[in-house]
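Structural overview for review
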Amino acid sequence: MKFFPDSDSYFAEIRMLVPGYELIHALAQDSLRALAGPCGRLLVVGCGPGLELLSLAAALPGWSIDAIDPSEEMVLAAQRRIDGAGLSERVTVRQALLQHDTAAGYDAAVCLLVAHLQPDDGTRAAFWQALAGSLRPNAPLFLAELDAID
């Protein structure tokens, strides 16, 4: 799995790799606002430095947000953003991988540009199973991935 050393290198690299990076986040935010109820629990997988957490918190004011990322640097950057925005009571950020022991019962999830970083040696399949297992039945999942086609 790829880890980014800091939020500056993440932003520099991701914007070169993904044209429309900000648009993907706007689509997630608007889609969840349209599909979601007035309150619930949102899981954000691979929150990176936390910019999407700010927009999701604004779009879903009655929701609590649990965000995970495997990188300590990204979690620290996200936590600084959350604390600076005064959202620490609604948004929890922790360093973790999505695994079968991830809490279940989320009302929605966002997973943007994460799964393609999982090796295709069974790890990716386990990732998808853990993600499905974290959601309530019929819960919306907004997902976007990179794919190379030869």
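Bear in mind the structure is a predicted one, so any value in this text is a computation, not a measurement.

About the criteria used
Per chain, residue numbering runs from 1 following the sequence as it is written. In keeping with the predicted nature of the model, local features appear solely for residues at pLDDT of at least 70, side-chain atom pairs appear and are counted solely at 80 or more, and the whole-chain, interface and lining totals rest on all residues. Computation of side-chain values covers all heavy atoms of the structure but excludes hydrogens and water. Pairing of aromatic rings covers Phe, Tyr and the six-membered ring of Trp, with a centre-to-centre limit of 6.5 Å; geometry is then stacked below 30 degrees between planes, edge-to-face above 60, and tilted otherwise. Should the NZ of a Lys or the CZ of an Arg lie within 6 Å of a ring centre and within 35 degrees of the ring normal, that charge is described as sitting over the ring. Geometry is summarised by axes, namely lines fitted to C-alpha atoms with helices restricted to the contacting stretch, and by angles between N-to-C directions that run from 0 to 180 degrees. Put simply, DSSP marks the helices as runs of H or I at least four residues long and the strands as runs of E at least two long, and each gets a number from the N terminus on. Here the angle decides the label: under 35 degrees means roughly parallel, over 145 means roughly antiparallel, 65 to 115 means roughly perpendicular, and every other value means oblique. Working rule for handedness: look at the near helix, and if it is turned counterclockwise from the far one by less than a right angle, call the crossing left-handed; if clockwise, right-handed. In what follows, a contact means two residues having at least one pair of non-hydrogen atoms within 4.5 Å. Put simply, Ala, Val, Leu, Ile, Met, Phe, Trp, Tyr, Cys and Pro go in the nonpolar bin, Asp, Glu, Lys and Arg in the charged bin, and everything else, Gly too, in the polar bin. Between any two strands, pairing holds if DSSP finds at least two bridges.

Moving on, we get to the packing of aromatic side chains. Considering all chains together, one arrives at one aromatic pair under this definition. Of note, R41 hangs over the ring of Y106, and the distance from its end group to the ring centre comes to 4.1 Å.

Once that is clear, we can look at the packing of helix α2 (residues 21-35) against helix α3 (residues 51-59). Angle between the axes and distance between the axes: these two values describe a pair of packed helices. For the pair α2 and α3, the least separation of the axes is 9 Å and the interaxial angle reads 25°. Here α2 lies roughly parallel to α3, going by the angle between them. For the pair α2 and α3, the sense of crossing is right-handed. Residues H25, Q29, L32 and R33 of α2 pack against E52, S55, L56 and A59 of α3. Here the contact of α2 with α3 is built from residues that sort into three nonpolar, three polar and two charged.

Spatially, β3-β2-β1-β4-β5 is the arrangement adopted by the five strands of the open sheet, whose pairing is parallel. Since the sheet does not close on itself, it has two edges, and those belong to β3 (91-95) and β5 (141-144), each with one partner. Strand-to-strand twist in this sheet, taken as the mean axis angle between neighbours without regard to direction, amounts to 15°. This element, helix α5 (residues 123-134), spans β1 (40-45), β4 (108-112) and β5 of the sheet and lies at about 165° to β1.

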